[in-house]
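Residues per chain are reported as follows:
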Amino acid sequence: MTATPQERWRMSVRGLVQGVGYRMGCRQKAIDLGLSGWVRNRPDGSVEVEAEGLPDRLVELRLWCEKGPQGAQVSGVTSGQVAVAGTDWFEIRP
């Protein structure tokens, strides 16, 4: 039995996503899913997420990102695959 390869996705979340607890909620969801990576606010008002783990768990995180926490108004999420980093934590970056 072979292990499912890990993937790393970078997502950009647009809409009303700053000042509503988005980063904290995203971090908690990622930890609950066993993912590693980071989340941060961008100067343009968007939130950027990089998450690494099993592909089905990344899909679950993306679905969460499309809604966000209560109070968020997500207008769109774009994502793409990036190189696996091999980290084992998920952090909120400034």
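About the criteria used
Residues numbered from 1 in each chain as written. Predicted model: local features only at pLDDT ≥ 70, side-chain atom pairs only at ≥ 80, totals over all residues. Heavy atoms only, no water. Helix = DSSP H or I, 4+ residues; strand = E, 2+ residues; numbered from the N terminus. Expected span 1.5 Å × (residues − 1). Buried < 20%, exposed > 50% of the residue type's maximum accessible area, 1.4 Å probe, protein only. Arc of directions from axis to C-beta. Contact = heavy atoms within 4.5 Å. Pairing = 2+ DSSP bridges.

So, about helix 2 (residues 55-67). In this model helix 2 runs 19 Å from its N-terminal to its C-terminal C-alpha over 13 residues, within 8% of the 18 Å that 1.5 Å per residue would give. Residues Leu-58, Leu-61, Trp-64 and Cys-65 constitute the buried set of helix 2. Angular distribution of buried residues about the axis of helix 2 spans 115 degrees; they occupy a single face of the element. In this fold, the buried residues of helix 2 make contact with strand 1 (7-16), helix 1 (22-32), strand 3 (47-53) and strand 4 (73-82). Of the residues one or two after helix 2, Gly-68 is the one with positive phi, at around 75 degrees.

In this sheet, strand 3 lies alongside strand 2 (residues 36-41) in antiparallel orientation, the contact comprising six bridges. Bridge pairing in strand 3 places Arg-40 opposite Glu-48. Bridge count between strand 2 and strand 5 (residues 90-93): four bridges; the pairing is parallel. Along strand 5, the bridge assignment pairs Gly-37 with Phe-90.

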